[in-house]
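# Chain and residue survey
What follows is each chain in one-letter form.
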Amino acid sequence: MTSDALAAFEANGGRRLAYIGEPKGGKTGDEAFFDALDSRWRIESEDSEFVSWWNLADRAQGWVRR
């Protein structure tokens, strides 16, 4: 599902993406989503002070399309 949302975002000209969730292998994105990020996007920023629930590994990141 996340890869479908990313594909629609890209198809409509999306250039900047805010991602809040767990890294690849976690609970918030499918493999295709993270593969697309790795191949077509670059990380621009990450909030090192982002606070997540104690049992999650969420991150707050800003991505820019290549």
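For clarity, every value in this text was computed on a predicted model and none was experimentally measured.

Quick look at the packing of aromatic side chains now. Inspection of the entire model under this criterion finds 4 aromatic pairs. Here the aromatic rings of Tyr19 and Phe33 are separated by 5.5 Å at their centres, their planes lie at 40 degrees, and the arrangement is tilted. Of this pair, Tyr19 sits in strand E1 (residues 16–21) while Phe33 sits in helix H2 (residues 31–40), and the two are 14 residues apart along the sequence. Residue class for Tyr19 comes out buried when judged on its relative accessible area of 8%. Owing to a relative accessible area of 6%, Phe33 belongs among the buried residues under this scheme. Their ring planes at 85 degrees and their centres at 5.9 Å tell us that Tyr19 and Phe34 sit as a pair that is edge-to-face. A residue pair is termed long-range when its members are at least 10 positions apart, and Tyr19 in strand E1 and Phe34 in helix H2 qualify at 15 residues. Each member of the aromatic cluster is reached from another via a ring pair, and the members are Tyr19, Phe33 and Phe34.

Here we come to the nonpolar core. Within the largest apolar cluster, 9 residues are counted, these being Leu6, Leu17, Tyr19, Phe33, Phe34, Ala36, Leu37, Trp41 and Trp63. The greatest single-element share of this core, amounting to 4 residues, is contributed by H2. What Phe34 contacts, discounting residues up to four positions off in sequence, is Tyr19, Glu22, Pro23, Lys24 and Gly29.

Burial of the side chains of E1 is restricted to one face: Leu17, Tyr19 and Gly21 are buried, whereas none of Arg16, Ala18 and Ile20 on the reverse face is. Pairing between E1 and strand E3 (residues 59–65): 6 bridges, direction antiparallel. Looking at E3, one finds that Leu17 is bridged to Trp63.

What helix H1 (residues 2–11) keeps buried is the set Ser3, Leu6 and Glu10. Burial along H1 is one-sided: seen end-on, the buried residues are contained in an arc of 60 degrees. H1 presents Asp4 and Ala11 as exposed residues on the side facing more than 90 degrees away from its buried surface. Looking at the buried side of H1, the elements it contacts are E1, H2, strand E2 (41–46) and E3. Looking at the residues trailing H1, positive phi occurs at Gly13, about 90 degrees.

Parameters at a glance
- Residues numbered from 1 in each chain as written.
- Predicted model: local features only at pLDDT ≥ 70, side-chain atom pairs only at ≥ 80, totals over all residues.
- Heavy atoms only, no water.
- Phe/Tyr/Trp six-rings, centres within 6.5 Å; stacked < 30°, edge-to-face > 60°.
- Helix = DSSP H or I, 4+ residues; strand = E, 2+ residues; numbered from the N terminus.
- Buried < 20%, exposed > 50% of the residue type's maximum accessible area, 1.4 Å probe, protein only.
- Core = buried A, V, L, I, M, F, W, Y, C linked by side-chain atoms within 4.5 Å.
- Contact = heavy atoms within 4.5 Å.
- Pairing = 2+ DSSP bridges.
- Arc of directions from axis to C-beta.

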